[in-house]
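Below, each chain spelled out in residue letters.
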Amino acid sequence: MYAPESAEARQSIDDLRKKLARGETAYVVGIGPAGHNSGVALIEVSAANGMRLISNDEEERFSGIKHDSRFPESAIAMLRSRLDERGLTYRDLHAIVTSWDYTSLPPMAIGVMFEHFPWSLGLARPSCFPKWDFYHNGNIVRTGPRRLAAQLGSGAPIPLICQHHHDNHAAGSYALSPFAQAAKPVLVGVFDGFGDQGSISMYVATDGRLECLYKNHSLFDSLGVFYSIISSTKGGWTTLSSEGRYMGAAAWGDGDRLTNKFYRTLREIFHFAPKGELMVNRAFVNWHIAGELAPYGPAMTAALGEPVPPEKMWNPDAVLRVDDVQHSDITRDRCDLAAATQLVFEDAIFHIIDHYIRATGCDQLVMTGGTALNCLANMRLVQRYDTAWYRRNLGKPGRLELWVPPIPGDAGVTVGAAINFAMQAGARPGEPLRHAHYCGRGFTRAEIETALGAGPDIKYHDLGNLHESGKLEAIADLAAFIIARDGVLGLFQGPAETGPRALGHRSILANPCNPESLATINQRVKHRERVRPLAPMVTREAAEELFELSDGAAADDYNAYNYMVMTAMARPKAYPLIPAVIHKDGTARLQIVRKDLDPFTHAFLRAMGRRVGVEASVNTSLNVGSPIAQTPAQAVTALERASGLSGLLMIADEGDVLLAWHNINAGLKDSGAQLQGWLDQWRESQVEDCAAASVTPQNGELFR
């Protein structure tokens, strides 16, 4: 395992530069062998086409363990399969590079323990960093090259070239953005829990080259740690599961800086220093000494009360029995504190970004790192730095344009590592990212039927093949017919999405027009808190009709709204039309679905327009207490565990569509009787429509 600045790393970069100059195509693998999101990414690099993302396989999707930190054996097996399909072996890989500079972790760990000596020596306890075990990760890193060699068929350990964590975040997110095609400078902000060189980094990228402007070299002056600690110790969920839930709860609290009773006190956690620097007030907090084990100092306890201890937190990603789920009471104070946390987080982001916009004059920004999943803060950025701000503060026309990738967190830093390495060799960005369906693979009809047949209580109908004339539109219309009657359907097709958002390949669909859909999904399908919002998927036309799309997200035909990483304000006409997907604060975390990228889901949304009058649907992830389903068996498990899921649409690689249901009569489940009734009604309506039009029915044999 070689350091980023080692002679071996420099030689490999130089060799790649020579390959590109000769017109050769090279393959680079990014691997996260340890950490809280292990996985493997593969990119193709050439002088003619730049860098092209082939895959990003997350270990958690194969193992079913959320944020899996173990060595990514399943993702490596998937990599070997991809190489086999292309007639390649490990010898054809130019380099395998890592998501962290693992060579720097031992001295980093020692530095952390001695930074506030002697009080910080307690940070050596694994319980202080439960999601980042230095001992566990160190063991994986030591054995990684040999384990990788064994899986890829090499007789000798395969060398790994380390890359700096934040550089990876920045390079990957910039290169995939729609801004990378232009020669103008682009700001890139990396904000996460921590990396190997700190927790806040700023870059400027110009014409395919990345320059670092600032790194804070601190694990504790961290926006990610701040949000994780408050959301877990006051929300009562474990970290990495708490942050998104707390952001959803914030909309139910007092979002006014003048009246929120927690805001001024909570803001004391940070010192807003000159030149955009941000520091944690160590007289207020205690996480710099005891991590998650005892994160509050006396002043923080006096202001906020005692933190929820780790042993009393609920891990929503490890639900064994949905009947056992019990949620904490929702109170005004808890929601107001969530709102104050969100406001202080936004203040901190504004403080940093404001300085670097003024210093560079840039009007394009890529946000990345785990905190970039804060879709509300992303919206606030483009609202704040508008044309009036640029005119008033910079004396020139313009406004901030923002893009956030679908994989800003550590699930995407494997992609970033490969891209970062290739960029150092002079590789150019390729086409901008337009979808996120890069995780795993699609499945054949035989594989899907095997999963359906594994459980005695699963039944299914064969709906036909999408490639047959008229079938895609007909099956999409059937799905819309069921959703319009307040059915709830799972949708499983092709490779899965990479990143934390379901985007039409592993989704649960429901009626956005019925306000009760929110309770149905939260209580009967996902078994989660009622403060959690639902998100809409919409066609491009419906997006503009229903939401105030920002000019700051307009690049590449509003590409930033493809991934559910940015909210938008609902227009007044949207409130009565789609109440289920408008959050308490009037926002929605929308996804625009494009016909050329996802023909079936787009056809379904068009059919929703005919059935309910709006081309929109509820879209939430196909999972219950687990990562997003990757395999047919995992999708079937979600069908079995969800009380209120009417059925599951499964589309095979060949185009065959199977509609499955849980064939039991217990609780909300009726052995598929209601679903079968809808099928019969839809079939009759098709025959009647054809009769009225004096044509022969084409789809009467959909159900065999």
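Calculation criteria
- Residues numbered from 1 in each chain as written.
- Predicted model: local features only at pLDDT ≥ 70, side-chain atom pairs only at ≥ 80, totals over all residues.
- Heavy atoms only, no water.
- Helix = DSSP H or I, 4+ residues; strand = E, 2+ residues; numbered from the N terminus.
- Rg over C-alpha atoms; globule rule 2.2 N^0.38 Å.
- Buried < 20%, exposed > 50% of the residue type's maximum accessible area, 1.4 Å probe, protein only.
- Contact = heavy atoms within 4.5 Å.
- Areas by Shrake-Rupley, 256 points an atom, 1.4 Å probe, with all protein chains shown as cover.
- Lys, Arg positive; Asp, Glu negative; His and termini not counted.
- Charge placed at Lys NZ, Arg CZ, Asp CG, Glu CD.
- Pairing = 2+ DSSP bridges.
- Axes fitted to C-alpha atoms, helices over the stretch in contact; angles between N-to-C directions.
- Core = buried A, V, L, I, M, F, W, Y, C linked by side-chain atoms within 4.5 Å.
- Parallel < 35°, antiparallel > 145°, perpendicular 65-115°, else oblique.
- Left-handed = near helix turned anticlockwise from the far one by under 90°.
- Nonpolar A, V, L, I, M, F, W, Y, C, P; charged D, E, K, R; others polar.
- Salt bridge = Lys/Arg side-chain N within 4 Å of Asp/Glu carboxyl O.

K.L.:
What is the right way to look at the overall build of the chain in this model?
P.N.:
Regarding its fold elements, the chain presents 24 helices and 24 strands. Since a compact globule built from 704 residues should have a radius of gyration of about 27 Å, the 25 Å found for the chain is in line with a globular shape. Dimensions along the principal axes, computed over C-alpha positions, put the chain at roughly 80 × 65 × 55 Å. The proportion of buried residues among the 704 residues of the chain is 61%. A separation of at least 24 residues holds for 72% of the contacts in the chain among residues at least 6 apart in sequence. Taken as a whole, the chain presents about 26100 Å² of accessible surface, with 51% of it coming from carbon and sulfur. Positive and negative side-chain charges in the chain, numbering 68 and 78 respectively, have mean positions lying 3 Å apart.

K.L.:
Mind showing me how you'd approach the sheet that holds strand 12 (residues 458-465) here?
P.N.:
Across a sheet, paired strands are connected by hydrogen bonds in the backbone, their directions being either parallel or antiparallel. The 8 strands lie next to each other as 12-22-21-13-14-20-15-19, forming an open sheet whose pairing is mixed. Two strands bound the open sheet, and with one partner strand each, they are strand 12 and strand 19 (591-593). Here the average twist between neighbouring strands, direction ignored, is 30°. Each of strand 12, strand 13 (489-493), strand 14 (506-510), strand 21 (647-651) and strand 22 (656-662) is contacted by helix 17 (residues 471-484), which is oriented at about 140° to strand 12, the strand it contacts most. Against the sheet, helix 23 (residues 632-641) makes contact with strand 12, strand 13, strand 21 and strand 22, and its axis sits at roughly 165° relative to strand 21, the strand it touches most.

K.L.:
What should I look at first to understand the nonpolar core in this one?
P.N.:
Counting residues in hydrophobic clusters, the biggest one holds 194 residues, and the most contacted among them are Phe226, Ile269, Trp287, Ile353, Met367 and Phe547. Beyond its immediate stretch of four places on either side in the chain, isoleucine 269 contacts Phe226, Ile230, Met279, Val280, Asn281, Phe284, Val285, Trp287 and Met300.

K.L.:
Please clarify how the packing of helix 12 (residues 332-360) against helix 13 (residues 375-384) should be interpreted in this entry.
P.N.:
Packed helices, taken two at a time, are described by the angle between their axes plus the distance between the axes. One way to put it is that helix 12 packs onto helix 13 with a least axis distance of 10 Å and a crossing angle of 50°. Relative to helix 13, helix 12 is oriented oblique. Both helix 12 and helix 13 take part in a crossing whose hand is right-handed. Contact with helix 12, carried on its side by Gln342, Phe345, Glu346, Ile349, Phe350 and Ile353, involves Leu376, Ala377, Arg380, Leu381 and Arg384 of helix 13 and no other residues of that element. Its residues placed into classes, the contact of helix 12 with helix 13 shows 7 nonpolar, 1 polar and 3 charged.

K.L.:
Please clarify how the pattern of salt bridges should be interpreted in this entry.
P.N.:
A side chain with one charge can pair with a side chain of the opposite charge if their charged atoms come near. According to the stated counting rule, one finds 36 salt bridges in the structure shown. Here aspartate 354 ties to arginine 358 by a salt bridge, and the two come within 2.5 Å at their closest N and O atoms. You can see aspartate 354 and its partner arginine 358 sitting in helix 12, 4 residues apart, about one turn around the helix. On the accessibility criterion, aspartate 354 (14% relative accessible area) is buried.

K.L.:
Help me understand the sheet that holds strand 7 (residues 209-215) in this model?
P.N.:
Read from one edge to the other, the open sheet built from 5 strands follows the order 7-6-5-10-11, with strand pairing classed as mixed. Every other strand in the sheet has two partners, leaving strand 7 and strand 11 (401-403) as the edge strands with one partner each. Sheet twist, expressed as the mean angle between neighbouring strand axes with direction ignored, is 25°. As paired elements, strand 10 (residues 364-368) and strand 11 share 3 bridges and run parallel to each other. Along strand 11, the bridge assignment pairs glutamine 364 with glutamate 401.

K.L.:
Explanation requested: the packing of helix 8 (residues 242-250) against helix 12 in the structure shown.
P.N.:
At their nearest, the axes of helix 8 and helix 12 sit 7 Å apart, and the two run at 105° to each other. When the axis of helix 8 is compared with that of helix 12, the two are roughly perpendicular. Residues Tyr246, Met247, Ala249 and Ala250 of helix 8 form the contact with helix 12, whose participating residues are Arg334, Cys335, Leu337, Ala338, Ala339, Thr341 and Gln342. Across the contact of helix 8 with helix 12, the residue classes tally to 8 nonpolar, 2 polar and 1 charged.

K.L.:
What is the right way to look at the environment of cysteine 212 in this model?
P.N.:
Counting through the fold element by element, cysteine 212 comes out in strand 7. Relative accessible area serves as the criterion here: at 36%, cysteine 212 is assigned to the partly exposed category. For the pair formed by cysteine 212 and aspartate 167, sequence separation is 45 residues and the distance between their alpha carbons is 8.2 Å. For cysteine 212, the contacting residues outside a window of four places in its chain are Met202 and Tyr203.

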